[in-house]
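One letter stands for each residue in the lines below.
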Amino acid sequence: MSADLVLRGGIVHDGLGSPGRRADVVVEGDHIVEVTSHRTSALRVIDCQDLVVAPGFIDPHAHSDLVHLAAEPAPFKLEQGVTTEIVGNCGFSFAPMTAAAIELLGGAWDELSAEQPVRPRGFGEFLAELEAARPTNNVAALVGHGTLRAVANGVDQELRPGALEEMRRLAGEALAAGAAGLSSGLIYVPGTYSDTDELVALAEVAAAHGRPYTTHMRDEADYLADALDEAIAIGRRSGARVQGSHCKVAGRRNHGNTAALLDRLVAARVEGIDVAGDQYPYTAGSTVLAALLPPVASEGGVEKLRARLAGVESRAKLRRLAESGAPATGLWNSLLPGDVRVVRHSDRRVLGRTLSDIAGADDAWDTMCALVRDDPGALIVLELMSEDDVQTIMRDPLVAIGSDNGPPLGLQHPRTWGCFPRVLGRYVRELNVLGWEEAIRKMTSIAARRFGLAGRGALLPGMVADIAVFDPQRIGHEGTPLRPDVRPTGMQTVLLSGTVVLRDGEPTGERHGRVLRPASVWDLAGTT
Ligand SMILES: [Zn+2]
């Protein structure tokens, strides 16, 4: 009998951290049926001599929520070998959404919307819509705490009576419909207005469904240790697994202090709390320009933000707060204006330029305020980390790789197009920070387990045939902040559920992705 497809003679990595070995991978229908050193006949053979054959990569930290609803296919992740994205991170999901919440948020979340309409929809409805659109790669979706709060409580700091119960109800509904977990973004409005008790109450709902709590922590710079302690406390009190998003040590004065992050992860695990993290392989991050402001600036919605930024006195008051160095006062105090590059803004003249360049002889704070007023959804790429810290965090076995991509439009951070190939080319082949098997484990089985993606993340008989084949001598990404959207090199073949969707480095254009609803808490027993 002949199999459907054989990937012949590559160095096969199982994604679990075992060393690679030369073997054939045999695919029948949408599954892997055999990994063997015996020659097998097949209807179709793909020669993988000198290539690495790995499980398709799983990106635990994506912001592609609405990308796959567009008319055109979006192969920017397949080109990196990514077969599954987990969207809805940092507290931002586009469901459940109401008309009132959309109005209050104004354009503040526009940079994540991929030019798709943001409209009222339930979570189950969103997943069904995504399924009908047929994503270009597989997608699993988190429900965002910021979204739940905007829907139940608007953009107010204080919780209204009944709002927390409403958020818990909506979270439960989303998780029952197939949300892969609960995310928070504790520097963003309105998620930043929450206290620990509120987050515990919501993480309990995730825990009851056997799903994780992922968090863009309250601080990644001067108060990183406190912020991680809070995330760990939420895990301890709620029983939810905790995923620290885009782990970093931000702010020049904190560089070198990776112990604040990594020692805490280990101590919590010794205590029995299931906490881990993910990371993107760059010293620069990316976020909205408004994240430089103290969160109180945005209280009450985007129109109130504009009014505060227009007033000379309110602007000066916000500046004093931003420069006080107190917790929860925005990113301004961790940066120099020359570290901040505007990459998305309604005024095209400022694109690609740093804040100090745009300001010229004018005051950088006032220039920043004017830019936010004109476009509250403006996006920036900003220098935050040291190269040594990026490598130290990468060596930690608890930290997976996640891109934190934006929609693949315009001048995004190069991670959108190149995160995974960059890890393999620069940090494995060139710098030897990781071995191949460890890097591949960080891109596959870790995320599959943490997010309950049954049948994926390992290259073994019986698993779904999501597979990435690449040339270890050529894999890489040359994107830069001013030219980020170049295609990675060295990714040869990608299979999605047994179908070839990238051939000789070229996407076939087929939309073959699925919406993944995680295994239930009962199915997961014994596997996490
Ligand atoms: Zn984030």
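None of the values given here were measured: they were computed from a predicted structure.

Q: Any chance you could break down the confidence of the model for the protein for me, citing the residues and the numbers?
A: On average, residues of the protein carry a pLDDT of 95, and 98% of them reach 70 or more. Every residue in residues 521-528 is under pLDDT 50, and counting partners more than four places away or in other chains gives ten contacts.

Q: I'd like to hear about the packing of aromatic side chains, residue by residue, with values.
A: Applying the stated criterion across every chain, the model contains eight aromatic pairs. Taking 6.4 Å as the distance between ring centres and 55° as the angle between the ring planes, the aromatic pair formed by F57 and F470 counts as tilted. Here F57 is found in strand β6 (residues 57-59), whereas its partner F470 is found in strand β18 (residues 467-470), with 413 residues between them in sequence. F470 gets classed as buried once you look at its relative accessible area, which sits at 0%. Seen from their ring centres, F92 and Y188 are 4.8 Å apart, and the 50° between their planes marks the pair as tilted. In this pair, F92 sits in the loop between β7 (82-87) and α1 (99-105) while Y188 sits in the loop between β10 (182-185) and α5 (196-208), placing the two residues 96 residues apart along the sequence. What makes F92 buried here is its relative accessible area of 9%.

Q: Any details on the sheet that holds strand β8 (residues 138-141)? Residues and values, ideally.
A: With parallel pairing, the three strands of this open sheet are ordered in space as β6-β7-β8. Either end of the sheet is taken by a strand with one partner, and the two such strands are β6 and β8. For this sheet the average axis-to-axis angle between neighbouring strands, irrespective of direction, equals 20°. Looking at chain direction, β6 and β7 are connected through three bridges and run parallel. Bridge pairing links I58 to T84 in β7.

Rules of the game
Residues numbered from 1 in each chain as written. Predicted model: local features only at pLDDT ≥ 70, side-chain atom pairs only at ≥ 80, totals over all residues. Heavy atoms only, no water. pLDDT = per-residue confidence, 0-100. Contact = heavy atoms within 4.5 Å. Phe/Tyr/Trp six-rings, centres within 6.5 Å; stacked < 30°, edge-to-face > 60°. Helix = DSSP H or I, 4+ residues; strand = E, 2+ residues; numbered from the N terminus. Buried < 20%, exposed > 50% of the residue type's maximum accessible area, 1.4 Å probe, protein only. Pairing = 2+ DSSP bridges. Axes fitted to C-alpha atoms, helices over the stretch in contact; angles between N-to-C directions.

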